[in-house]
Every structure is written in structure tokens, then in C-alpha cells.
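Working through the structure, step by step
So you can see what is in the structure, the chains are spelled out below.
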2 protein chains.
Amino acid sequence: MTEQAIPATEQGRPDAGSGADRKARHGAAAAGKPATIYDVAHAAGVSHQTVSRYLKGFEGIRPETRAKVERALAELDYRPNLTARSLTTGRSRRIGALTHDIDKYGPSKILGAASAAARDAGYVLDVVTLDTTDTASIREALAIIAEHDVEGILALSSTDEMTHAFEGIDFRVPALIAAEPDEPSRVQSQLATVGMPALVAHLAQLGHRRLIFLAGPHHWSAARNRTRALQVAAETQGLEVAAILEGDWSARSGHELIRDLPEVDATAIVSANDQMALGAVLALSERGLDVPGDVSVTGIDDLPDAAFYTPPLTTLRMDLSGRGRAAFAELLSRIDGSEAHEPEPVQSELIVRSSTGPAPR
Amino acid sequence: MTEQAIPATEQGRPDAGSGADRKARHGAAAAGKPATIYDVAHAAGVSHQTVSRYLKGFEGIRPETRAKVERALAELDYRPNLTARSLTTGRSRRIGALTHDIDKYGPSKILGAASAAARDAGYVLDVVTLDTTDTASIREALAIIAEHDVEGILALSSTDEMTHAFEGIDFRVPALIAAEPDEPSRVQSQLATVGMPALVAHLAQLGHRRLIFLAGPHHWSAARNRTRALQVAAETQGLEVAAILEGDWSARSGHELIRDLPEVDATAIVSANDQMALGAVLALSERGLDVPGDVSVTGIDDLPDAAFYTPPLTTLRMDLSGRGRAAFAELLSRIDGSEAHEPEPVQSELIVRSSTGPAPR
DNA sequence: GCTGGCGATGTTACCGGTAATATCTCGAAG
DNA sequence: CTTCGAGATATTACCGGTAACATCGCCAGC
């Protein structure tokens, strides 16, 4: 299948003889280099455009032509060069993903789900991590992403800095922050209407009347969302919020907040995530308080590990994977202009385990 | 391919004035479209090649020309188009990253570190996740990555399937699996020579003589590595390994393995990671056994949360970030052919907390 | 039998860069 | 005063695709 096998069929050139080696490159695809559509076209004895048409699924190709192309394609193990394609079409099939705390469960879970959804849609995620949370470093990361010619931008952590960095930038491509789907809420938050009330009701039913809330960092919209939901639910159901303490999502911060409390004047601690709850449980036991004997503790998220904490944690299960998928789907619909089917509201479900029990006398 | 067809008019004409609109596109960068070097060249009144030279840092440009280019560059807020550049240079500044379990702490931590290292080197990571561990799906993911024209490929989980999928494929670019740096070991594993012996010595010193090992899944090279290290250390120090039970890294598996044990005939449980240790602790307490009063438990990794388990977990801290950075550095050196400076051996350090204590009588 | 129309395919232009080559300008040497 | 050479800059080709346009062959209609 080498070059000279195609005799004088060379298209429009009169001097068929000597011209044969002029484009030796397109003969038997040179050493190791991936085959191009020109190689395929040459091997099939058609024009590159015919190959391109075939690849696009164009119907009007005669069966015998089609067969030749298919054979050449298979023989040369052709793989399209996305770079070249993207240069003309502007479609790079790449999405920029922006995140810090990728080693934290939430963002990485969302990332994983978004990435899987992306792969199914033929996209890959260009991940750029942030060292710090300041707006400047976010802007820099955005610049890197922009150079890489992505079709959309997805931010995986919804902090104020992120929101701020996104404002006033002309991305030229769709960009969105994968926030909890309810914030800021157009529709009523499912967490606020169902999940959190259920959690609070659970505590109320156990006789608790006073609780301490461990909040997430205030610059995260998800944290504010959860705090607000708790406040509303507690008020509605007549529970008193003795204190709202702000942590940073980490177990360490949950531990420190409870450890440094002058006194634990509540029978329940509600934490904005599971990890702070984990730290709180440890701090309580260090203070000689039993969970759930003296104090009940709850989390939010339902990490896979939360079922195996000692004691297993009562928590609100949040569908983070769904959030990642939904975020990607939303972005995708904005990219190709298709109608975004209303995202199914993310469910939060109360999971009762042994970290909650009857309030002590 | 004959090119004499060129209208001949364009070339040498000196009529600078009227030609201005010939390429109106390159005038005031059309609506929203990013500026190209042609736009910049036009604005600066030089050729696009001069702009390209400037961008490459070429020295021999006259100061006044340089100034014009700089001004135009700033004015148009020029950003290079990586896609176009990569088409000619073949350098896409992209690395394909392959992973499953991205929501697990280990892989995501490694990914985060690799991504940060990549960003510092001007690269981004194209992340493709895997649903399953089978070779076929890995191959498919590799095909996706290959189309996206990456300069190197990094696999973040070192399972046998991954190794197998990598064999016999001509990637045309460097590819490596981010294994624990010691496996298969050219140099002696630091875990085997320092970390694990220290852990075992710690237990021996507390009077333990019999232990149960919770191993990771055997198809992970890291799991085999850890198992072997434990066996050697135990034998060397005269401790008996009562059983080796294989889990899947998850807390759930650790819990099940210990829960289903007919009897716990050992005074210590050594787990191949922290999460299985977490599950083991819960199972022990459900069996009425106190940690560390009746049984001591240790992990490996030192997850951020491990210090806040109840009780806080004695573990071997592994430098996963270092591993991610090292993997990327190694890949990068293979890409640009530079000499790979010998990777610093990843340290493992014994962290003693309260999940270990004196062996009971 | 000429011509219009259409289906199938080929040719050229273009995307935005970089590499290779050509041209232009000037100062120094002959 | 030429000529030469080197530095500075401009022109052209090319990367591998897609889009737009051109061409070719064949059949139907007048």
C-alpha cells in the first residue's frame, strides 16, 4: 500500500511521472506519526474532503466510495486530531474546571460526577486547581483556562470570592458556579423545605429544645444556605438556637469550636457538614460528655465514612453526584443552546443513626 | 496543489492607504472575538511574524518596534490561542489524567497535587474518570485522551488492570502510572524500611504479639506493597500475623471484615489505610471491645480526619501530595527529555495517637 | 441534441499560530 | 561608489481539519 501503487491517477497534474514523490508524507503514514485524513484519502484514492464527509456522517456517498474510505480508515487506524478540528470549528470538547480543596470530599465528589457526565458527552475536563481563595488567584486560573480554549467553565466551589471573580469578566463562553442548586433560590430550597425540617423534627421528637449550630465558612454560599435553613426550621418548630459557631468545614475546626466552648449548654449539636460533626464528637467525649447520651450530634452530607464513625452519624444525605451531573448538564445546555430541562431538585434525605438519642433530663 | 492561482495583485503593493479595509476582520477586533496576532500586527503596523517573534522572546527587535507591539498587545488584551499554537508545535500543554475513585481521598489528593504542579509548569490536566476498573473501559478512556492531543498521560490509580491496559499500547507520548514510588521497587521502599518497622515496633513495645492485618484490594500494587511491608516487619520483629483480611479500602469493608470474624484473636489490628481502620474500630466497639483497651488499631495515610476519629487514630502519615508532585515531575522530564532528578523518597512517618495502647494481659 | 439540474466528489480558502524563506535597509569594506 | 553581509522585518508555507465553492457526469425535459 505504498505510494507508487497509485499510478498516474494523480489529479490535475500533467507531469505525472516525476511528481510522485513530491508529497511522500502522505504515502505510507510516516514513521509512527498518526494518520491524517490526507493519508486516508490518499490510501482510499479519494479527496480528503470525501473522508471528512464520511467522518461527519454525510449520507450522499456512493457505497463503493464509502467502502474504500472505510477500508483505508481501518487500515491506517485513523484517529481524528481534535486540535485541528477545534481550530476551525471552535469546538474543543473541553470544559475548564476550577477548584480548590479538590482533596475535600465535596468538591472532589462533584468533580468526579461532572467528569463522568462530561466523558459521556464526549468532553473532558481541564482541571485547574487554586492554591488560595483570593480573587486574584482565581482570575489567574481563569486566564490559564481561557488560553486552553475551553467551551465552558465550571467552578466547583461556590464562595463569594469565586462569585466575585466571575463578575465583570467576559468569558466569551458559558461559565457557571456549581452551587447547591437552591442558592440563591429561585425555587424553594429542598434542603430548607424538606431536609432540614426533617432533621430538626427528629431532634424535637427526641425532646431536644436547645441546640448549637456549627456553621460552614460564611463566604461559602452553601454554608449560608444551610445556616439559614436551620434557623428557619428551628424557629418554625420552636427550638432555640443557643449559638451559631463558624468553622471551616474541617474536622479540626469542629473539634476546636466545641473544645473551646466555656460550657455546652445545649443537648444537641447540628453541624453544617459531617466532618465538623466528627470533630465535635471527639471534643465532646474529651469533655466527658457521651454521644448521644448527653449530647446528640448531627451532620450534613452523609459521607461514605459517616456510617462508620463512632458512633455512626445521623445526617442529611445530600446528592453531591447529582449536583455535579446537574451542573455539567446545565453548562452543556448553555453551550449548545439546547433547552435546559429543569434540573430535578436535589434531594436531601434524613439518615438516622446512633449519634442522636433522647435528650437527657 | 498548484498555487500559481494567486491573483498576483496582493503581494507587493505599497499603497498602504487604501488597503486598510482589505482585511477588515483584522481591524478593530470584531465583536467580542479574541484578538489574534494578526489583529495585533495590524494595530501595531508590523507583520504578524514580528508579533510572534516578540511573544517568543526573540531579542533582535528594535526598541521602537518592540514598543509598538507591546502597546498593541496591551490595547487588544491579546491572549494566545493554545489550540492554534499546538497545531504547529505539537505542544498542547495538556496532560491526560486517568482515574477512578476520584472521590476517594487518596486519588483526589494525588490529583490535586499533580494538578497544582502542572499549573505551575504551564500545563493543565485533562481529567477522564473511569466508571469501572476493567481493562476495556480504561482503553476507551485512553482513546478519548489520545484524541485530545495530550503531551503525556498520567494514571492516578495503580491497579493491575491499569498496568495491563497500559501494556502493549503505543501511546506516542510518555505515560506513567502514579504508583507508590517504591513499587515495584528499584530502591528499597521507604515504607518497608522505615515506616512500617516503626509502626510494628510501636506495637511490639506496647506488648502486642499477635495482630490482624486489614489489607487493601490485591489488584492494587499499593495494597500489595503495604501487605508485604507489614509481613516483613512483623516477621523481623517476631510478631505473629494471625490473619490477613482483604478489604476494598472503604470503611464499610473494614467494618464488615471485623464484624464477621468468628473471634478477634489478636490484640492489635493493623489496617492498610485509615478508612478501613475506622470501620474496624466501629465493629470492635459493637462487639463490646474497647479501643485501645482491648484491641489497638492503626491505619496508614493519616487522612486529615484521622486525628479526629474517636479515638484519634495512630497511623503512618504518607506524603500523597509529594507523590502527586513527583509523578508529574517525572512525566514532565520524560516529555521534554530533561534529566529526571532522582525523586526524593516519599517519607512515611509514624503518628502516634490514642487508638493504640498497652496490650491487655 | 442541447441544456438545466442534481448528486457525488474534488479544489480552494480558512482557522491562528510557528517555521522557513525572502526582502529590505544600512553600515562597513573594497 | 559599489558590493557585501548582517540585522530587522515581511511573506509564504504548513499543521490537520471544516466550510464554501467548483466541477464532473448523468439523466430528464423540451
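In this text, all values refer to a predicted model and were calculated from it rather than measured experimentally. (Residues numbered from 1 in each chain as written. Chains lettered and ligands numbered in written order. Predicted model: local features only at pLDDT ≥ 70, side-chain atom pairs only at ≥ 80, totals over all residues. Heavy atoms only, no water.)

All names here are of chain A. The strand order across the open sheet built from six strands is S6-S5-S7-S8-S9-S10, with neighbouring strands paired in mixed fashion. Strand pairing shows two members of the sheet lacking a second neighbour, strand S6 (240–246) and strand S10 (348–351), which therefore form its edges. With strand direction ignored, the average angle separating the axes of adjacent strands in the sheet is 20°. Set on the sheet, helix H11 (residues 251–259) makes contact with strand S5 (210–215), S6 and strand S7 (268–271); between it and S5 the angle comes to about 140°. (Pairing = 2+ DSSP bridges. Helix = DSSP H or I, 4+ residues; strand = E, 2+ residues; numbered from the N terminus. Axes fitted to C-alpha atoms, helices over the stretch in contact; angles between N-to-C directions. Contact = heavy atoms within 4.5 Å.)

Our focus in this paragraph is helix H1 (residues 37–44) of chain B. Residues and elements named next belong to chain B. All of the buried residues along H1 are Ile37, Asp39, Val40, Ala41 and Ala44. Of the surrounding secondary structure, the elements contacted by the buried residues of H1 are helix H2 (48–56) and helix H3 (63–76). Positive phi shows up at Gly45, right after H1, with a value of about 75°. (Buried < 20%, exposed > 50% of the residue type's maximum accessible area, 1.4 Å probe, protein only.)

In this structure, Ile144 of chain A sits in helix H7 (residues 135–147). According to the relative accessible area criterion, Ile144 of chain A is buried, its value standing at 18%. Separated by 16 residues in sequence, Ile144 of chain A and Val128 of chain A have C-alpha atoms that sit 8.1 Å apart. Beyond its immediate stretch of four places on either side in the chain, Ile144 of chain A contacts Val128 of chain A together with Arg119 and Val124 of chain B.

So, on to unusual backbone geometry. Omega for the peptide link from Val291 of chain A to Pro292 of chain A comes to 10°, which places this bond in the cis form. Of note, the phi angle at Asp149 of chain B is positive, near 60°, even though the residue is not glycine. For Asp149 of chain B, the position within the fold is in the loop between helix H6 (135–147) and strand S3 (152–155). Look at Asp302 of chain B: it is not a glycine, yet its phi comes out positive at around 60°. Mapping Asp302 of chain B onto the fold places it in the loop between strand S8 (296–301) and strand S9 (314–318).

For the rest of this paragraph, the subject is the packing of helix H5 (residues 82–89) of chain A against helix H4 (residues 82–89) of chain B. Two numbers describe how H5 of chain A lies on H4 of chain B: the axes approach to 9 Å, and their chain directions differ by 140°. Taken together, the axes of H5 of chain A and H4 of chain B are oblique relative to one another. Crossing of H5 of chain A against H4 of chain B: the hand is left-handed. Contact with H5 of chain A, carried on its side by Thr83, Ala84, Ser86 and Leu87 of chain A, involves Thr83, Ala84, Ser86 and Leu87 of chain B of H4 of chain B and no other residues of that element. Residues of the contact of H5 of chain A with H4 of chain B, tallied by class, amount to four nonpolar, four polar and no charged. (Parallel < 35°, antiparallel > 145°, perpendicular 65-115°, else oblique. Left-handed = near helix turned anticlockwise from the far one by under 90°. Nonpolar A, V, L, I, M, F, W, Y, C, P; charged D, E, K, R; others polar.)

A rotation about an axis combined with a shift along that same axis relates the two copies of the chain. With an RMSD of 0.2 Å, the fit of chain A onto chain B corresponds to turning through 180° and sliding 0.0 Å along the axis. The relationship between the two copies is best expressed as a two-fold rotation axis. In terms of C-alpha distance to the rotation axis, chain A has Asp126 of chain A as its closest residue, with the C-alpha 2.2 Å off the axis. With an isologous cut-off of 70% or more, the 98% of interface residues of chain A that recur at the interface of chain B puts this contact in the isologous class. (Least-squares fit on C-alpha atoms with pLDDT ≥ 70 in both.)

Turning our eyes to something else, we now look at the side chain of Ser253 of chain B. Residue and element names in this part refer to chain B. Note on placement: Ser253 falls in helix H10 (residues 251–259). Polar side-chain contacts of Ser253 include one of 2.9 Å to the side chain of Asp248. Every residue in contact with Ser253, bar those within four places of it in the chain, is listed here: Gly247, Asp248 and Met276. (Polar contact = N/O pair within 3.5 Å; in protein donor to acceptor, adjacent residues only side chain to side chain.)

Before going further, it helps to spend a moment on the protein's contact with DNA strand D. Near DNA strand D lie 29 residues; those nearest to it are Gln49, Ser52 and Thr88 of chain A together with Arg53 and Thr65 of chain B. Each atom of DNA strand D within 4 Å of the protein belongs either to a base or to sugar and phosphate, the latter forming 58%. Residue Arg85 of chain A places a side-chain N or O atom 3.0 Å away from a phosphate oxygen belonging to DNA strand D. Mapped onto the surface near DNA strand D, the elements with two or more residues apiece are helix H2 (37–44), helix H3 (48–56) and H5 of chain A together with H2 and H4 of chain B. A per-class count over the surface near DNA strand D returns eight nonpolar, 15 polar and six charged. (Near = heavy atom within 4 Å.)

Right, let's get into the confidence of the model for chain A. In the predicted model, chain A carries a mean pLDDT of 84, and 86% of its residues have values of at least 70. Model confidence for chain A, summarised as mean pLDDT per element, is weakest for helix H1 (residues 16–19) of chain A at 33 and strongest for S7 of chain A at 98. (pLDDT = per-residue confidence, 0-100.)

All names here are of chain A. Structurally, Ser158 can be placed in the loop between strand S3 (152–155) and helix H8 (160–166). The class for Ser158 is buried, based on a relative accessible area of 4%. Looking at Ser158, its side chain comes within polar contact range of the side chain of Ser221, at 2.9 Å.

Next up on the list: the sheet that holds strand S4 (residues 175–177) of chain B. What the eight strands build is an open sheet, ordered S4(A)-S3(A)-S1(A)-S2(A)-S2(B)-S1(B)-S3(B)-S4(B); its pairing is mixed. Every interior strand has two partners, whereas the edge strands, strand S4 (175–177) of chain A together with S4 of chain B, have only one. Geometrically, the sheet is characterised by an average inter-axis angle of 25° between neighbouring strands, direction not taken into account. Here strand S1 (residues 94–99) of chain B pairs with S3 of chain B via four bridges, running parallel. By the bridge assignment for S3 of chain B, Gly96 of chain B is matched with Ile153 of chain B. Packing against the sheet, H7 of chain A makes contact with strand S1 (94–99), strand S2 (124–129) and S3 of chain A together with strand S2 (124–129) of chain B, and its axis sits at approximately 165° to S1 of chain A. Most of the contacts of helix H12 (residues 320–335) of chain B go to S4 of chain B, to which it runs at about 160°, and overall it touches S1, S3 and S4 of chain B.

This part takes up the pattern of salt bridges. Inspection of every chain in the model, using the stated rule, returns 22 salt bridges over all chains. Arg210 of chain A is the partner of Glu240 of chain A in a salt bridge, and the nearest nitrogen-oxygen pair spans 2.6 Å. With Glu240 of chain A in strand S6 and Arg210 of chain A in strand S5, this residue pair connects regions lying 30 residues apart in the sequence. On the basis of relative accessibility, which here comes to 43%, the residue Glu240 of chain A falls in the partly exposed class. One salt bridge connects Arg353 of chain B with Asp302 of chain B, and the closest N-O pair in it is separated by 3.0 Å. A residue pair is termed long-range when its members are at least 10 positions apart, and Arg353 of chain B in the segment after strand S10 (348–351) and Asp302 of chain B in the loop between S8 and S9 qualify at 51 residues. Asp302 of chain B shares its class with Arg353 of chain B; the two are buried. One network of salt bridges, in which partners are shared, links Arg210, Glu240 and Asp265 of chain A. (Salt bridge = Lys/Arg side-chain N within 4 Å of Asp/Glu carboxyl O.)

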